[in-house]
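Coordinate inspection notes
Given next are the chains, with one letter for each unit.
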Amino acid sequence: MKVINEAWYLEIEQEMIKKYGGVADRSHGHDGCLGKLPLEVKAVKQDHRFRINKKPHHKMLREDGQYIFVVVGSIKKSKILTAKAVDHLLRGCCWFTDREFPHKFLTIDKVFN
């Protein structure tokens, strides 16, 4: 996965949180809140998959959080899913441990179909 420009990512993150009626707030370890529930934004520009890290995902599950998935290209598309729905999509996959944090991947097709 390519390293993304943090400024670009933060701009997309804030735009999407606002689009779905949330408030950007990183003080609690997530990207923002939708009502009182945590919100995480996952965006890709050139990759075909989203990375979901294990520890934050389990926190999102405990707190009934939601994810906003964004594909940025000639047309920007986005979709919001509950952490429980994301967990269901992740089932059957093992957590990769090749990096510092265990993670799984969700393909764009799996999220948007």
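Read on for a plain summary of the structure. (Residues numbered from 1 in each chain as written. Predicted model: local features only at pLDDT ≥ 70, side-chain atom pairs only at ≥ 80, totals over all residues. Heavy atoms only, no water.)

Digging into the nonpolar core
Core analysis: the largest hydrophobic core is formed by 16 residues, its most contacted members being Phe50, Tyr67, Phe69, Val86, Leu106, Val111 and Phe112. Those elements that provide at least two residues to this core are strand S4 (49–53), strand S5 (66–71), helix H3 (83–90) and helix H4 (108–112). Not counting chain neighbours up to four residues away, the residues in contact with Leu106 comprise His48, Arg49, Phe50, Ile52, Phe69, Val86, Leu89, Leu90 and Val111. (Core = buried A, V, L, I, M, F, W, Y, C linked by side-chain atoms within 4.5 Å. Buried < 20%, exposed > 50% of the residue type's maximum accessible area, 1.4 Å probe, protein only. Helix = DSSP H or I, 4+ residues; strand = E, 2+ residues; numbered from the N terminus. Contact = heavy atoms within 4.5 Å.)

Some thoughts on H3
Inspection of H3 places Ala83, Val86, Asp87, Leu89 and Leu90 among the buried residues, and these make up the whole buried set. Each buried residue of H3 sits inside an arc of 160 degrees when the element is viewed along its axis, so together they form one side. Along H3, the residues that are exposed and aim more than 90 degrees away from the buried face are Lys84 and His88. The inward-facing, buried residues of H3 abut S4, helix H2 (54–62), S5, strand S6 (77–82), strand S7 (103–107) and H4. After H3 finishes, the residue Gly92 shows a positive phi value of roughly 90 degrees. (Arc of directions from axis to C-beta.)

What to know about the pairing of S5
Counting buried residues in S5 gives six out of six residues, a clear majority hidden from the surface. Where burial is concerned, the two faces of S5 agree: the one with Gln66, Ile68 and Val70 and the one with Tyr67, Phe69 and Val71 are both buried. By the bridge criterion, six bridges tie strand S3 (residues 37–44) to S5 in an arrangement that is parallel. Bridging from a neighbouring strand, Lys42 pairs with Phe69 of S5. (Pairing = 2+ DSSP bridges.)

A short note on the pairing of S7
Counting buried residues in S7 gives four out of five residues, a clear majority hidden from the surface. Pairing analysis gives five bridges linking S4 to S7, with the strands arranged antiparallel. Across the sheet, residue Arg51 finds its bridge partner in S7, namely Phe105.

As for the pattern of salt bridges
In the structure shown here, the tally under the stated rule is four salt bridges. For Arg49, the salt bridge goes to Asp47, with nearest N and O atoms at 3.9 Å. Assessed through its relative accessible area of 18%, Asp47 is described here as buried. Its salt-bridge partner being Asp87, residue Arg91 comes within 3.2 Å of it at the nearest N-O pair. (Salt bridge = Lys/Arg side-chain N within 4 Å of Asp/Glu carboxyl O.)

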